[in-house]
Amino acid sequence: MVGYNPNSPGVALTPEEAALAGSAAGMVTRALISPLDVVKIRFQIEQVSWRRRQGKYWGLWQATRCIMTEEGLPAFWKGHVPAQLLSVCYGAVQFASFEALTELVHKQTAYNSQTPGVHFICGGLAACSATVACQPLDTLRTRFAAQGEPKMYHNLRHAVATMFRTEGPFTFYRGLTPTLVAVFPYAGLQFFFYNILKKLLDPQDTKSKGGLHSLISGSCAGVISKTMTYPFDLIKKRLQVGGFEEARMKFGQVRTYHGFVDCVLRIGREERLRGFFKGLSPSLLKAALSTGFTFFWYEFFINAIVSLKSS
């Protein structure tokens, strides 16, 4: 079970070990779900007309075939370097913070560190700290995944230099407001539902089927939390690709937004309610796999670390 558990047998986990397990889990998970992430981002940043199908992408399989035909297989791993850096950094900060916060709750308050409510609060706070630390990498990852051919950014170094020179340092924190608004409930709900589902599936916290239970619990938690907070993720992506119109011209209609409120109002006016849920299908599939794999690999690496320390 993730989080500080005073009743857990074995050697206590340090924040450094939690960071190591979290970064390893993020690295493995990112390599597996990168294609879904690219498809999801393509849907999110393009304006949509659902009835007339005016956009370039209007279906999951249609978008996959289109990207494959026009850009080739490597296109599904566009932005993989900044994405991997993001996953390693985010996983390390999030899980180290989560373990430290749940331990703090246990030692400094009367609350049980293994209750769903505590996991919701600690999970949300841990994710916010990871988001602030890793937002520039998230913006870079989005820019790489969003660009078509010919490429506007040749590599990570070129992207950083170009964005800094033409848009200024604050461009790396585009979309931070909706991200923080969304990430607290999103991550909090992930840890909340994972806690509940894992206890339902594995009340004795056994090792025999622990990996399968972690995968199932994490996948279900990811789908539920993503559905409840998806519009904020879409708004964040729209804001992150602002000032990036030249590389997006081939992806259908392009829009520029002047802040969070303007983005919300224009999507509602031009694309209606369904516009806030564009790309939900690949996003839910990605959320199920990403969250499931993240918790699965995190517990796998934690168990490996604990076994090594015990021996």
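Residues numbered from 1 in each chain as written. Predicted model: local features only at pLDDT ≥ 70, side-chain atom pairs only at ≥ 80, totals over all residues. Heavy atoms only, no water.

A few points about the overall build of the chain
Each helix and strand counted, the chain has nine helices and zero strands in total. Across the chain, helices and strands are ordered from the amino to the carboxyl terminus as α-α-α-α-α-α-α-α-α. Classification of the 311 residues of the chain by burial places 50% in the buried group. Taking the contacts inside the chain whose residues are at least 6 apart along the sequence as the reference set, 80% of them involve residues at least 24 apart. With an accessible surface of roughly 14,300 Å², the chain has 66% of that area assigned to carbon and sulfur atoms. (Helix = DSSP H or I, 4+ residues; strand = E, 2+ residues; numbered from the N terminus. Buried < 20%, exposed > 50% of the residue type's maximum accessible area, 1.4 Å probe, protein only. Contact = heavy atoms within 4.5 Å. Areas by Shrake-Rupley, 256 points an atom, 1.4 Å probe, with all protein chains shown as cover.)

Quick word on the packing of helix H3 (residues 80-108) against helix H6 (residues 176-201)
Each pair of packed helices gets described by two things: the angle between the helix axes and the distance between those axes. Where H3 meets H6, the axes come as close as 13 Å, and the angle between the chain directions of the two elements is 65 degrees. Between H3 and H6, the angle falls in the class roughly perpendicular. Relative to H6, the crossing made by H3 is right-handed. Across the interface between the two elements, Tyr 90, Gln 94, Phe 95 and Phe 98 of H3 pack against Val 183, Ala 187 and Phe 191 of H6. Class assignment for the residues of the contact of H3 with H6 results in six nonpolar, one polar and no charged. (Axes fitted to C-alpha atoms, helices over the stretch in contact; angles between N-to-C directions. Parallel < 35°, antiparallel > 145°, perpendicular 65-115°, else oblique. Left-handed = near helix turned anticlockwise from the far one by under 90°. Nonpolar A, V, L, I, M, F, W, Y, C, P; charged D, E, K, R; others polar.)

Focus on the pattern of salt bridges
On inspection of all chains with the given rule, the structure shows 10 salt bridges. Where salt bridges share partners, they join Asp 138, Lys 226, Asp 233 and Lys 236 into one cluster. (Salt bridge = Lys/Arg side-chain N within 4 Å of Asp/Glu carboxyl O.)

Re the environment of Asn 303
Residue position: Asn 303 is located in helix H9 (residues 280-310). Note: C-alpha distance between Asn 303 and Ala 21 (282 residues apart in sequence) is 9.4 Å.

Regarding a nonpolar patch on the surface
On the surface, Met 68, Leu 73 and Trp 77 cluster together into a nonpolar patch covering about 290 Å² of accessible area. Position of Met 68 relative to the elements: it lies in helix H2 (residues 60-71). On the basis of relative accessible area, Met 68 is assigned to the partly exposed category, the value being 39%. (Patch = residues over 30% accessible without salt bridge, like charges linked within 9 Å, V, L, I, M, F, W, Y side chains within 5 Å.)

A word on the confidence of the model for the chain
Averaged over all residues, the pLDDT of the chain equals 84, while 86% of them reach at least 70. Averaged pLDDT values over the elements of the chain bottom out at 84 in H2 and peak at 91 in H6. (pLDDT = per-residue confidence, 0-100.)

Focus on the environment of Gln 190
If you trace the backbone, Gln 190 turns up in helix H6. Separated by 33 residues in sequence, Gln 190 and Val 223 place their C-alpha atoms 8.8 Å apart. Apart from the residues within four sequence positions on either side, Gln 190 is in contact with Ala 221, Gly 222, Ser 225, Thr 291 and Phe 295.

Focus on the nonpolar core
Core analysis: the biggest nonpolar cluster contains 17 residues, and Val 2, Phe 98, Phe 191, Phe 295 and Tyr 298 have the highest contact counts within it. Breaking this core down by element, the ones donating at least two residues are helix H1 (15-45), H3, helix H4 (116-146), H6 and H9. Among the elements that line this core, the one with the most residues is H9, at four residues. Contact partners of Phe 295, with chain neighbours within four places excluded, come to Val 2, Phe 95, Gln 190, Phe 191, Tyr 194, Ser 214 and Gly 218. (Core = buried A, V, L, I, M, F, W, Y, C linked by side-chain atoms within 4.5 Å.)

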